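Structural overview for review
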Amino acid sequence: MTTILVTGSAGFIGFHVSKRLLAEGFRVTGLDNLNDYYDVNLKQARLEQLTANSSFRYLRPSGEPRGASRPALFSD
């Protein structure tokens, strides 16, 4: 099964793209920093819908500078 990376997966477009890909049988890795450009609660609600599907995996960028003790791209 193919895995697709969707950036901004909690935003309007990324959420709907992720839903469509999941419906078509793809595995989806969603990446979103959940910034407060607009309602974070709405973004979290979208992620709850996506994570209900076992083929969806969510990753949040850590925002840490390179050289930090953890990898720079993803947080735990």
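Everything in this summary refers to the structure shown in the same document. (Residues numbered from 1 in each chain as written. Predicted model: local features only at pLDDT ≥ 70, side-chain atom pairs only at ≥ 80, totals over all residues. Heavy atoms only, no water.)

1. Some points on the pattern of salt bridges
Pairing between side chains of opposite charge can happen when their charged atoms approach one another. In total, this model carries one salt bridge according to the counting rule given. With its nearest N and O atoms 2.6 Å apart, the salt bridge here joins R20 to E24. (Salt bridge = Lys/Arg side-chain N within 4 Å of Asp/Glu carboxyl O.)

2. Considerations on the packing of helix α1 (residues 12–23) against helix α2 (residues 40–51)
Packed helices, taken two at a time, are described by the angle their axes make and the gap between the axes. Between α1 and α2, the least distance of the axes is 11 Å, while the angle of their chain directions is 10°. In terms of axis orientation, α1 runs roughly parallel to α2. Mapping the contact onto sequence places F12, F15, S18, K19 and L22 in α1 and R46, Q49 and L50 in α2. A breakdown of the residues in the contact of α1 with α2 according to their chemical character gives four nonpolar, two polar and two charged. (Axes fitted to C-alpha atoms, helices over the stretch in contact; angles between N-to-C directions. Helix = DSSP H or I, 4+ residues; strand = E, 2+ residues; numbered from the N terminus. Parallel < 35°, antiparallel > 145°, perpendicular 65-115°, else oblique. Contact = heavy atoms within 4.5 Å. Nonpolar A, V, L, I, M, F, W, Y, C, P; charged D, E, K, R; others polar.)

3. Some thoughts on the sheet that holds strand β2 (residues 27–31)
Taking strand neighbours across the sheet as the criterion, the three strands line up as β1-β2-β3 in an open arrangement whose pairing is parallel. Looking at which strands have only one partner, the edges of the open sheet turn out to be β1 (3–7) and β3 (56–59). Strand-to-strand twist of the sheet, defined as the mean angle between neighbouring strand axes without regard to direction, takes the value 20°. Pairing of β2 with β3, which is carried by four bridges, proceeds in the parallel orientation. When the bridges of β3 are listed, V28 appears paired with F56. In the packing of α1 onto the sheet, the strands contacted are β1, β2 and β3, and the crossing angle to β1 comes to about 170°. (Pairing = 2+ DSSP bridges.)

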